[in-house]
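Chain by chain, the residues run as shown.
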Amino acid sequence: MSLEVENPGGAESANRLSLKRHDSLFGDAEKVSGGKYHGSQGSWARTLHLAFQSVGIIYGDIGTSPLYVYSSTFPNGIKYNDDLLGVLSLIIYTLIIIPMLKYVFIVLYANDNGDGGTFALYSLISRYAKIRMIPNQQAEDAMVSNYSIEPPNSQLRRAQWFKQKLESSKAAKIVLFTLTILGTSMVMGDGTLTPAISVLSAVSGIREKAPSLTQTEVVWISVAILFMLFSVQRFGTDKVGYTFAPVISVWFILIAGIGMYNLVVHDIGVLRAFNPWYIVQYFKRNGKDGWVSLGGIILCVTGTEGMFADLGHFNIRAVQISFNGILFPSVALCYIGQAAYLRKFPENVGDTFYRSIPGPLFWPTFIVAILAAIIASQAMLSGAFAILSKALSLGCLPRVQVIHTSKKYEGQVYIPEVNFMMGLASIIVTIAFRTTTSIGNAYGICVVTTFSITTHLVTVVMLLIWKKHIVFVLLFYVVFSTTELIYLSSILSKFIQGGYLPFCFSLVLMTLMATWHYVHVKRYWHELDHIVPTNQMTTLLEKNDVRRIPGVGLLYTELVQGIPPVFPRLIKKIPSVHSIFLFMSIKHLPIPHVVPAERFLFRQVGPREHRMFRCVARYGYSDSLEEPKEFAGFLVDRLKMFIQEEIAFAQNDAENEDETSSTEVTEAQARPRRSTNSVVPSEEAIEPRVSSHSGRITVHANQTVEEEKQLIDREVERGVVYLMGEANVSAGPKSSILKKVVVNYIYTFLRKNLTEGHKALSIPKDQLLKVGITYEI
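Criteria and cut-off values
- Residues numbered from 1 in each chain as written.
- Predicted model: local features only at pLDDT ≥ 70, side-chain atom pairs only at ≥ 80, totals over all residues.
- Heavy atoms only, no water.
- Helix = DSSP H or I, 4+ residues; strand = E, 2+ residues; numbered from the N terminus.
- Contact = heavy atoms within 4.5 Å.
- Pairing = 2+ DSSP bridges.
- Axes fitted to C-alpha atoms, helices over the stretch in contact; angles between N-to-C directions.
- pLDDT = per-residue confidence, 0-100.
- Patch = residues over 30% accessible without salt bridge, like charges linked within 9 Å, V, L, I, M, F, W, Y side chains within 5 Å.
- Areas by Shrake-Rupley, 256 points an atom, 1.4 Å probe, with all protein chains shown as cover.
- Salt bridge = Lys/Arg side-chain N within 4 Å of Asp/Glu carboxyl O.
- Lys, Arg positive; Asp, Glu negative; His and termini not counted.
- Charge placed at Lys NZ, Arg CZ, Asp CG, Glu CD.
- Phe/Tyr/Trp six-rings, centres within 6.5 Å; stacked < 30°, edge-to-face > 60°.
- Buried < 20%, exposed > 50% of the residue type's maximum accessible area, 1.4 Å probe, protein only.
- Lys NZ or Arg CZ within 6 Å of the ring centre and 35° of its normal.
- Parallel < 35°, antiparallel > 145°, perpendicular 65-115°, else oblique.
- Left-handed = near helix turned anticlockwise from the far one by under 90°.
- Core = buried A, V, L, I, M, F, W, Y, C linked by side-chain atoms within 4.5 Å.

### Overview of the overall build of the protein
- Tallying secondary structure elements over the protein gives 26 helices and eight strands in all.
- For the protein, contacts bridging at least 24 residues in sequence account for 84% of all contacts bridging at least 6.

Following this line, the structure appears as structure tokens:
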């Protein structure tokens, strides 16, 4: 039972507490139940409401794919009219196999407390097996209510065996980490290419009514829209679900209606494409060209990963309803209608979508297409920002400023530096490639690589966590990895025609992330090897003749144990420490959220009179850091609670010792009397002595608690100072040339040119003190 004091001043309530030693976990933690997130449970009305909202947030990308799929599949025109049946059949079954079967009915269940995406899978796996490189795990982490893991089932030894193999294999840890940062890189590439291809393909439709416009002019109109799109990111999309859902819903109604019109008017016979035999005939007829065309067909499922990545805003049932009830029928009808139109007008394959629109509907459809393209771009940008903000908790990049643009919708974030780089890259891609076909070659690689990474990580989840039968695991892995490999091999054939772009982009981003993580891990181990044990704190302070100065000091450190090496350096240079001093660590747990009541872990460092503490502030990878004033206020409140708990424990120990010693003395005095007078002392003779003394202890303890609280309040009023170690890391003289390049140049460049830690933590400059230190690794 945890400590719970409703009336700290009452001697009776404090005296009768039932206590259990937690050491560093304050009392409220056990009372918090598992958190339920947005849409994880609810009525059918709530689920349908979320299903409608999901239409606007996660289907913009896959819903605008009909703008460019046929033109990307047939860049050189249609050779045989029956090829349309084969391609349509491929599109239909690709939509069924990857988004529907794989994601909607399997992958969505591999969520992390309601959160989805590549990074959520990695974090879920890392809770069940110790695969992270930094040894900052603490036993108390598993006490967090949302941690919720099950030990491997003893009946299935395979899961336990697999867990041991993962934990003992450094190669396996590196592979899983590499897959995660590759997935992050590809999502960033997706967020860069989606605006380019969506906006360019939507704007290209204007040439149907204004044929005098050149392709160059269309490109510059697209660039102007892209510039505005990236410029307004700082304002966020606070009402995403309500603003976007109606527009995308209108879009789906339009494309479904146009598809139905074309099917009835031009060739209803294309419904034969539901027979997969036309796929076999298509490949027999076209051979290698048919295989190459798969690179265009796969674009029909762009944005599928968004269903999983944005799951945290909705729930599984809502996504399943919106996909099967709205997206699939609408998009399938649109592709069927376009195929029917092309059966009669195969020469218009370069601009199928706009050519197939009935005259009166052109301008409404054009306007909605532009809006839908912008919404699709916005959704992918939001997703890219969100996944990168989560990757920061892995220590893959310097702490950059993550701005939460919405108080209502979690996950709506904006990263200024990343927005600038992605916006610049998207505009350059649009100007350089000029056509959707060339951009599509690059786009497909991002899409399929992300699919493949998800397949591999979900397979690990099946083996380690779900403990599924090996036949089911193999069936999942073989079917989907083979399908994705076939598509990937096709896209790679277009490497020179634009496919190289995401590889170059991902290579650069992965190099930066891997470099930062490598040095980050090395630095952590270096500090861990040079920590000062906490039991030497008194000696350290006396040796340097340290005096206490007014105020509260927070020394930020990555370490969650021991005294960091920067502290001895600090007191040697400035032999003074604030009256209340905390070694502060910001730690991200492998879960989406940590409830505020479980945020802080405290430990006493040295004797109580030193008033020095170790504090670990724990966040989930989707949590935002509080503003400085809010953080400091919350920290001070929890520190008071911790001190009260520690004093209560000390009081309880003192009472137990006093009761033991009093009982022993009374019994010793009773024995002689019993031998002479046969008088056994009554309980009443003993009780007053114990109660009287424990009452004095209780009163003293309550006075001490109040004095400590008043002291903390006074020191907070005198000022809070934030101290940060400014570490300069360099490679040792005997290091290899590669290591020297990585550490001395790439890492140093990132550290100097990206946002500094105090800005990411929103620490006021006038309250910041930096302490320089050099590490040689």
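### Notes on the sheet that holds strand β4 (residues 576–589)
- Spatial ordering of the open sheet is given by β5-β6-β4-β3-β7-β8, a layout of six strands whose pairing is mixed. Each edge of the open sheet is held by one strand with a lone partner, namely β5 (600–604) and β8 (768–776). Looking at each pair of strands side by side, their axes are set apart by 25° on average, direction ignored.
- Relative to β4, strand β3 (residues 547–556) runs parallel, the two sharing eight bridges. Within the sheet, the bridge partner assigned to R548 lies in β4 and is V577.
- Relative to β8, helix α22 (residues 566–573) is tilted by about 120°, and along the sheet it contacts β3, β4, β6 (612–620), β7 (720–730) and β8.

### So, the confidence of the model for the protein
- Within the protein, residue pLDDT values average 79, and 82% of them lie at 70 or more.
- Contacts from residues 1–40, a stretch scored under 50 in pLDDT, to residues over four places away or in other chains number 91 contacts.
- Across residues 663–693 the pLDDT falls below 50, and counting only partners more than four positions away or on other chains, this stretch makes 14 contacts in the model.

### Observations concerning a positive patch on the surface
- Residues K543, R569, K572 and K573 make up a contiguous surface patch of positive charge.
- Of the residues forming the positive patch, the biggest block, three residues, is contributed by α22.

### Focus on the packing of aromatic side chains
- Scanning the model with the defined rule gives 24 aromatic pairs in all.
- For the pair F613 and F642, a centre-to-centre distance of 6.2 Å together with 85° between the ring planes defines the contact as edge-to-face. Within this pair, whereas F613 is found in strand β6, its partner F642 is found in helix α23 (residues 628–677), the two being separated by 29 residues in sequence. The pair formed by F613 and F642 is uniform in burial state, with each residue classed as buried.
- Following the ring pairs from residue to residue traces out a cluster consisting of W251, F353, Y354, F362, W363 and F366.
- For the cation-ring pair, R317 lies above W44, with the distance from its terminal atom to the ring centre recorded as 4.8 Å.

### Some remarks on the packing of helix α5 (residues 83–104) against helix α11 (residues 277–286)
- Between α5 and α11, whose axes approach to 8 Å, the crossing angle comes to 125°. Of the possible angle classes, the one that applies to α5 and α11 is oblique. In this structure, α5 meets α11 at a crossing whose hand is left-handed. Residues D83, L85, G86, V87, S89, L90 and Y93 of α5 form the contact with α11, whose participating residues are Y278, I279, Y282, F283, R285 and N286.

### Describing the pairing of β6
- Most of β6 is tucked away: nine of the nine residues are buried.
- Burial of the side chains of β6 extends over both faces: M612, R614, V616, R618 and G620 are buried on one face and F613, C615, A617 and Y619 on the other.
- Of the pairings in the sheet, the one linking β4 to β6 comprises nine bridges and is parallel in character. Counterpart to F581 in the pairing with β6 is M612.
- As paired elements, β5 and β6 share five bridges and run antiparallel to each other. For R603, the partnering residue across the bridge sits in β6 and is R614.

### Let's talk about the nonpolar core
- Membership of the largest hydrophobic core comes to 155 residues, with the highest contact counts inside it found for Y59 and Y70.
- Counting residues per element, this core draws most heavily on helix α18 (residues 436–466), which supplies 17 residues.
- Counting 30 residues, the second largest nonpolar core, distinct from the first, contains W516, V577, A727 and V771.

### As for unusual backbone geometry
- Phi is positive for K467, close to 60°, though the residue is something other than glycine.
- Residue position: K467 is located in the loop between α18 and α19 (470–492).
- If you check the backbone angles, D545 has positive phi at about 50° while not being a glycine.
- Taking relative accessible area as the criterion, D545 reaches 65% and is therefore assigned exposed.

### Regarding the pattern of salt bridges
- Enumeration over the complete set of coordinates arrives at twelve salt bridges.
- Of the charged contacts, one joins R285 and D83 as a salt bridge, the two residues approaching to 2.8 Å between their closest N and O atoms. Here D83 lies in helix α5 and R285 lies in helix α11, a separation of 202 residues in the sequence.
- For R285, a relative accessible area of 30% corresponds to the partly exposed category.
- When the shortest N-O distance is used, the salt bridge between R127 and D112 registers 2.8 Å. Of the two residues, R127 is situated in helix α6 (residues 118–128) and D112 in the loop between α5 and α6; the sequence distance between them amounts to 15 residues.
- Relative accessible area serves as the criterion here: at 6%, R127 is assigned to the buried category.
- Given the relative accessible area of 0%, D112 is considered buried.
- The structure contains a network of salt bridges with shared partners spanning D82, D267 and R343.

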